[in-house]
Amino acid sequence: DQQVKQNSPSLSVQEGRISILNCDYTNSMFDYFLWYKKYPAEGPTFLISISSIKDKNEDGRFTVFLNKSAKHLSLHIVPSQPGDSAVYFCAARKLDNFNKFYFGSGTKLNVKP
Amino acid sequence: DAGITQSPRHKVTETGTPVTLRCHQTENHRYMYWYRQDPGHGLRLIHYSYGVKDTDKGEVSDGYSVSRSKTEDFLLTLESATSSQTSVYFCAISERGSGTNEKLFFGSGTQLSVL
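Conventions and cut-offs
Every chain's residues receive numbers from 1 upward, in the order its sequence appears when written. Labels are handed out in written order, letters beginning with A for the chains and numbers beginning with 1 for the ligands. Residue-level local features of this predicted model are given only where pLDDT is at least 70; pairs of side-chain atoms are given and counted only at 80 or more, and the full residue set underlies all totals for whole chains, interfaces and linings. Here the side-chain values reflect all heavy atoms present in the structure, with hydrogen atoms and water set aside. Under the scheme applied here, a residue whose accessible area is under 20% of the maximum for its type counts as buried, over 50% as exposed, and between as partly exposed, the area being computed with a 1.4 Å probe on protein chains only. Strands here mean DSSP runs of E at least two residues long; helices mean DSSP runs of H or I at least four residues long; both are numbered from the N terminus. In short, DSSP must find at least two bridges between two strands for them to pair. Note on ring pairs: Phe, Tyr and Trp rings are taken, using the six-membered ring of Trp, and paired if centres are within 6.5 Å. Classes follow the plane angle, with under 30 degrees stacked, over 60 edge-to-face and the rest tilted. Any two residues whose heavy atoms approach within 4.5 Å are treated as being in contact. The buried area of a pairing is the accessible area, by a 1.4 Å probe, that goes missing from both parts when the two are put together, added over both. Any carboxyl oxygen of Asp or Glu within 4 Å of a side-chain nitrogen of Lys or Arg constitutes a salt bridge here. For this analysis, a polar contact is any N or O atom pair within 3.5 Å, provided that within protein one partner can donate a hydrogen and the other can accept it, and provided that sequence-adjacent residues contribute only side-chain to side-chain pairs. Residue polarity is assigned by list, with Asp, Glu, Lys and Arg as charged and Ala, Val, Leu, Ile, Met, Phe, Trp, Tyr, Cys and Pro as nonpolar; anything else, Gly included, falls into the polar class.

Student: In this structure, what is going on with the pairing of strand β8 (residues 73-78) of chain B? I would like to understand it.
Tutor: Regular strands have side chains that alternate between both faces of the sheet. All names here are of chain B. By the criterion of burial, β8 is predominantly enclosed, with 5 of the 6 residues buried. Summarising the sheet, strand β7 (residues 64-70) and β8 pair through 5 bridges and their orientation is antiparallel. The residue of β8 that forms the bridge with Ser67 is Leu75. Here β7 folds back onto β8, and the loop between the two strands holds 2 residues.

Take a look at the structure:
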């Protein structure tokens with residue numbers, strides 16, 4: 001039973017526009033969320049995170065929004081660039097449970113030039 | 001980039017044979033993890049280690065064993081490989097294992113094919 005879900009397997013966006021990747025979770029005990037980016041033949045790399053005491057965290061072109069009541073988070077990329085084309089995974093964990101990072105199934109983003 | 005090396009990068013083996021994947025880190029991080037990535041499932045935790053000789057099971061541990069005799073090395077063994085274990089395997093490390101800023105750093109992965 002997946003506790004973290006990414007319901008869109010793929011997303012295609014024009015260069016310069018906004019990319020919005022979505023993630024839903026079911027466990028209300030999650031209080032720390034992360035986004036990872038993965039290129040082919042490489043390992044996932046950390047992108048941005050947010051704790052449950054916040055509803056927004058921004059880092060350059062990347063912003064993560066957290067809606068705890070809806071158990072939903074989203075990653076906004078503005079403006080999107082071709083180099084952003086990758087698979088994006090969201091992950092969640094409980095702060096007191098170090099061994100349990102739960103990952104979604106990923107969304108493949110394609111940014112068209 | 002975190003100093004994580006996985007070997008081999010690619011492996012083709014036959015059903016029923018034993019296979020060992022190696023993860024080596026140069027960061028001296030205490031926590032090490034093995035994940036597998038499969039289409040539609042994302043990354044799933046197989047086993048993890050919280051210190052030398054201290055390991056525990058993740059959510060998909062059946063058919064796998066691990067060992068950690070040194071801080072820098074974490075081995076994943078498939079005792080008798082099956083076709084369902086065809087996957088991409090990622091090793092990850094983390095420094096403290098808990099805390100607000102904790103995150104995983106991943107290796108480049110091992111593509112394993114069991115024929």
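Student: I'm lost on the packing of aromatic side chains in this one. Help?
Tutor: One pair of aromatic rings is described through two measures. These are the centre distance and the angle between the planes. All chains considered together, the criterion is met by 15 aromatic pairs over all chains. A centroid spacing of 5.5 Å and a plane angle of 80° characterise the contact between Phe103(A) and Tyr35(B), whose relative ring orientation is edge-to-face. In this pair, Phe103(A) sits in strand β10 (residues 101-103) while Tyr35(B) sits in strand β4 (residues 31-38), so the two residues belong to two different chains. Overall, the relative accessible area of 5% leaves Phe103(A) in the buried class. With a centroid separation of 6.4 Å and an interplanar angle of 35°, the aromatic rings of Tyr33(B) and Tyr35(B) are classed as tilted. Owing to a relative accessible area of 0%, Tyr33(B) belongs among the buried residues under this scheme.

Student: For this particular structure, what's the right way to read the interface of chain A and chain B?
Tutor: Interfaces are frequently sized by the accessible area removed from exposure as the parts join. The interface of chain A with chain B comprises 21 residues on the first partner and 27 residues on the second. For the chain A and chain B pair, buried surface summed over both sides reaches about 1900 Å², with 61% attributable to carbon and sulfur atoms. At the surface where chain A touches chain B, the tally comes to 0 salt bridges. Where chain A packs against chain B, one counts 2 residue pairs in polar contact (both at pLDDT 80 or more). Here the side of chain A that touches chain B takes 4 residues from strand β4 (residues 32-38) of chain A, the largest share from any one element. The residue inventory of the side of chain A that touches chain B, partitioned by class, reads 11 nonpolar, 6 polar and 4 charged.

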